[in-house]
Amino acid sequence: MRYGLVLAVPALFCASVMAQDNVALPAEVYQTPGPHVVVNGVLLKAPVREVGGSLFLPMRAVFEALQAEVKWFPAAQQIEAKRGATVVQLWIKRPVAIVNGQEVRLSAPPALMDGTTYVPLRFPAEAFGGEVKWLGAVRTAAITIAPLKTDTAEPSETGARTEPAPVPQTGALEGVIVTKVTTGVTALVIRNAKGETTLVEIASGAVVTRANIDGTPQPATFASLELGDKVNIVRDASGKASKVEARYALVKGVAAAIANNRLLLEDGTLYQLQPDIRVVHPDGKDAPLAQVVKGTPVTLDLTPDTTNVWRITIPESVAQTRPKPAGDAQHILTVAAVGYTKPLKAGEKLTIQVTGTPNAERVTASVGDVLRNLRLTETAPGSYTREVTIGANTNVTAVPIVAVMRVDGKDTTPVKSPTPVTIDTRPPSFDALIPGDASRVLDRNPTVEAAYSDPGGSGVDAASVRIRVNGRNVTKQATVTDARVRYRSNNLALGNATIEIGISDLAGNAAAAQWSIVVADAPGTGVRYVRHDASKPLVAGQKLTIAARIPSNPQKIEWYLGNKLVSRSMTRDAAADEYRATYTIAAEDAAGEYSVSARVYMDDDQGQVLFATDPVTVVAKQRAFRITAPADKSRAPSPLVISGEATPGTEVRVTVDYESRVAFLPVKGRLFSGVVKADSRGIWSTDSIETGGMLIRPDTYTVTAESLDAKGDVIHTARITLTRR
């Protein structure tokens, strides 16, 4: 979250007489020189200070004009204001505020001026939902904000609202030090894992220890505690800290690039600079962040188990440090598709963002072979973006964005986005409709079925499937997967029955099928039926026997398993008065539930369809689940292809995670995640996975393969570890 936090007087808002006509201004703004501040048409009677082109007002004047309750905690130099359900917390000289638990960067922090707390005008107004306009002609900031509903709190006898006395918070507290307070009281502001902050006063005689993450705690003082230290605090009955145990982490390396509050070291590890970042020399003297340049040796102070940097120590004389040649440094920090959450279809937008070295000569990005060498524009220092509208016939599946940056006349090594992108502009298609269009069905309860697929696309979204029979939505009563839908009708009326099925792929491309069948009574007399002998699921190699009773003598019979013609047998069992056919389940028959039917032809007509009451379930032949290549504990090849064995038709989720270690700090990430399917032989394999061109040089790769059931639950897991090439 980021606000335009201060009011830049000269140019941020355009001055025009027309703007004044749309804002109610009191006469005083025309009679006296500005700057002025007007809230909902009322002029604030408070001193306005212009500092560095920004307007500051006394804390209480701002918040009370916005109908906010304000509290001042002098020990912590903290401001807390509440308006409705919005709570804002600020600290003197701290360039970060907290709005409802979320951090917000400030361009100008609150400040003490002549003993009075001043706050930047624009931030609180917008944080509470107001709108600010700068009217340059009269040097006036006009704030418009919706009135706050009347507070219904019970007043006391004196008319003032009563609030309960604060209850000291006791017990253990764990978090990160974000502020140290030394004025009037010794205290720490701690932020916990939920982002909540707590002020803790240090008790007299409190036991303080501090140590590296792997070290033994050593006696320490309050002064030796640093911002970013991870602390465990024990509070006494009064709520004061009686024991403080602090841990920190140190990483040494050489800076490669710095941009967008991120620092990249030459070993490929990436770190996040905190808002309160300090750069110091070994003697403790402060240095500007601008001195952290490519080739600078650095020691980073981190919060343990994170990549959050709070302090950077650099040599006394950076000028004496020999920078590494430009061609050896990595200039790209991140490559990403902003806001990408699902496959994209034609007409949707793909926003590519690359961060890295500011003022690069050129930054280009490609997505497979369909979007090549897109030129990105630097929209902020070190941040390059390009928005692309997806055109027709633009299709790629699980392809990373590949970016290249040119600096000092040289192109960097291509860097890939960690999350691949899928672009799918083609709708899925129907492979089979059962019964076929205009089929004559001698059954009042026929099974309706459709098979569909999305070859080369994002895959059919099972949740999108809808089926209607004679206009009635029967989806909830149907069996639906991402490959087929099956519905057993119930007592259809004689005559035409209309079937409608709609599907969409994961990108949102839609397809629909509509056809009709004729539901009829069987001619003549006698019992008609189709049955089968499969009392349990079948696997490849097992036999299925299908029988049909047909009183009249048919000219021919076609026997179907789903939409597959499996026999044209005319064998008749006279004793049972049935026609029969046998079929051996083939290895290529996909696992699933299939209708069983017979199309009976009498006198060369178009055929009449009879369905068995129960479907047949085919399951894949069991096969040991394993990863066959690469071998466990071998070196990772480039490109990397993961192969294995599973029961035919089984979906397999494959992930490749990497890990590197800088000193003691683990840096982890995910290189690949995707789902593949075992073929009819039980063999599965991923596409090529590039292991080169990464920001981080992994020490190890962990490959995990999981076989999934129809619901997506994990059945079996196989795992191997690979080492750096």
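Residues numbered from 1 in each chain as written. Predicted model: local features only at pLDDT ≥ 70, side-chain atom pairs only at ≥ 80, totals over all residues. Heavy atoms only, no water.

1. Topic: the overall build of the chain
And step 1. Each helix and strand in the chain was counted, giving four helices and 61 strands.
And step 2. Across the 725 residues in the chain, those meeting the buried criterion constitute 46%.
And step 3. Across the chain, every contact between residues at least 6 apart in sequence was considered, and the portion connecting residues at least 24 apart equals 61%.
And step 4. Accessible area for the chain stands at about 35,000 Å²; split by element, carbon and sulfur atoms hold 50% of it. (Helix = DSSP H or I, 4+ residues; strand = E, 2+ residues; numbered from the N terminus. Buried < 20%, exposed > 50% of the residue type's maximum accessible area, 1.4 Å probe, protein only. Contact = heavy atoms within 4.5 Å. Areas by Shrake-Rupley, 256 points an atom, 1.4 Å probe, with all protein chains shown as cover.)

2. Considerations on the sheet that holds strand 8 (residues 96-99)
And step 1. Strand order in the open sheet formed by five strands is 5-6-7-8-9, with antiparallel pairing between adjacent strands. Each end of this open sheet is capped by a strand with a single partner; those strands are strand 5 (69-73) and strand 9 (102-105). The mean angle between the axes of side-by-side strands here comes to 20°, regardless of whether they run parallel or antiparallel.
And step 2. Sheet analysis places strand 8 next to strand 9, joined by four bridges and oriented antiparallel. Pairing of Ala-97 across the sheet is with Val-104, part of strand 9. (Pairing = 2+ DSSP bridges. Axes fitted to C-alpha atoms, helices over the stretch in contact; angles between N-to-C directions.)

3. Comments concerning the sheet that holds strand 42 (residues 484-488)
And step 1. Strand order in the open sheet made by the four strands is 36-38-42-41, with antiparallel pairing throughout. Each edge of the sheet is formed by a strand with only one pairing partner; in this case those strands are strand 36 (429-434) and strand 41 (479-480).

4. With respect to unusual backbone geometry
And step 1. Residue Pro-435 is reached from Ile-434 by a cis peptide bond, and omega for that bond is -10°.
And step 2. In this fold, Pro-435 is placed in the loop between strand 36 and strand 37 (440-441).
And step 3. At the junction of Ala-629 and Pro-630, the peptide bond is cis and its omega measures out at -5° in the coordinates.
And step 4. Of note, Ala-398 is a non-glycine position whose phi angle comes to about 50°, a positive value.
And step 5. Its location among the elements puts Ala-398 in strand 31 (residues 396-399).

5. Section: the confidence of the model for the chain
And step 1. Mean pLDDT over the chain stands at 81; residues scoring 70 or higher make up 85%.
And step 2. By mean pLDDT, helix 1 (residues 17-21) is the weakest element of the chain at 36, and strand 39 (residues 466-469) is the strongest at 95.
And step 3. Scored below 50 in pLDDT, residues 1-22 makes 55 contacts in the model with residues more than four places away or belonging to other chains.
And step 4. When the criterion is pLDDT under 50, residues 151-166 qualifies, and its contacts beyond four places in sequence or with other chains add up to twelve contacts. (pLDDT = per-residue confidence, 0-100.)

6. What about the packing of aromatic side chains?
And step 1. Summed over the entire model, instances satisfying the criterion amount to three aromatic pairs.
And step 2. Here Phe-625 and Trp-684 contribute two aromatic rings whose centre-to-centre distance is 6.4 Å and whose plane-to-plane angle is 25°, an arrangement assigned as stacked. Of this pair, Phe-625 sits in the loop between strand 54 (616-618) and strand 55 (626-629) while Trp-684 sits in strand 59 (residues 683-685), and the two are 59 residues apart along the sequence.
And step 3. The ring of Tyr-579 is capped by Arg-572, whose NZ or CZ atom sits 5.9 Å from the centre of that ring. (Phe/Tyr/Trp six-rings, centres within 6.5 Å; stacked < 30°, edge-to-face > 60°. Lys NZ or Arg CZ within 6 Å of the ring centre and 35° of its normal.)

7. Thoughts on the pattern of salt bridges
And step 1. One pass over the structure, following the stated rule, counts 24 salt bridges.
And step 2. Here Lys-564 makes a salt bridge to Asp-589, at a shortest N to O gap of 3.0 Å. Placement of the pair is Lys-564 in strand 48 (residues 564-567) and Asp-589 in the loop between strand 50 (578-584) and strand 51 (592-594), with a sequence separation of 25 residues.
And step 3. For Asp-589, a relative accessible area of 15% translates into the label buried.
And step 4. Glu-578 serves as the salt-bridge partner of Arg-580, at 3.1 Å between the closest nitrogen and oxygen.
And step 5. Overlapping salt bridges, with partners in common, bring together Arg-531, Asp-573, Glu-578 and Arg-580 in one network. (Salt bridge = Lys/Arg side-chain N within 4 Å of Asp/Glu carboxyl O.)

8. Considerations on the pairing of strand 23 (residues 297-302)
And step 1. Buried residues dominate strand 23, accounting for five of its six residues.
And step 2. Strand direction decides the pairing type here: strand 23 and strand 24 (residues 308-313), joined by four bridges, are antiparallel. Bridge pairing in strand 24 links Asp-301 to Arg-311.
And step 3. If you look at the hairpin formed by strand 23 and strand 24, you'll find five residues sitting between the two strands, and Asp-305 has a positive phi there, around 65°.

9. Re the side chain of Ser-569
And step 1. The residue Ser-569 is located in the loop between strand 48 and strand 49 (571-573) in this model.
And step 2. A distance of 3.1 Å separates polar atoms of two side chains, one belonging to Ser-569 and the other to Thr-571.
And step 3. Setting aside residues up to four positions removed in sequence, Ser-569 forms contacts with Ile-557, Trp-559, Arg-580 and Ala-581. (Polar contact = N/O pair within 3.5 Å; in protein donor to acceptor, adjacent residues only side chain to side chain.)

10. Quick look at the environment of Arg-386
And step 1. Within the secondary structure layout, Arg-386 lies in strand 30 (residues 383-389).
And step 2. The partly exposed category is assigned to Arg-386, whose relative accessible area is 31%.
And step 3. Sequence-wise, Arg-386 and Val-354 are 32 residues apart; in three dimensions their C-alpha atoms are separated by 9.1 Å.
And step 4. If we ignore the near neighbours within four places in the chain, the residues touching Arg-386 are Leu-350, Thr-351, Ile-352, Leu-374, Arg-375 and Leu-376.
And step 5. Within the structure, the side chain of Arg-386 is placed 3.0 Å from the backbone oxygen of Arg-375, a separation counted as a polar contact.

11. Thoughts on the environment of Glu-378
And step 1. As for its placement among the helices and strands, Glu-378 is situated in strand 29 (residues 377-380).
And step 2. Classification of Glu-378 by relative accessible area gives partly exposed; the value is 28%.
And step 3. In this structure, the C-alpha to C-alpha distance between Glu-378 and Val-354, residues 24 residues apart in sequence, is 9.1 Å.
And step 4. With residues up to four places along the chain from it excluded, the contact list for Glu-378 reads Pro-358, Asn-359, Ala-360, Ser-383 and Tyr-384.
And step 5. Within polar-contact distance, the side chain of Glu-378 engages the backbone nitrogen of Asn-359 at 3.0 Å.
And step 6. Engagement of the side chain of Glu-378 in a polar contact is seen with the side chain of Tyr-384, the distance being 3.5 Å.

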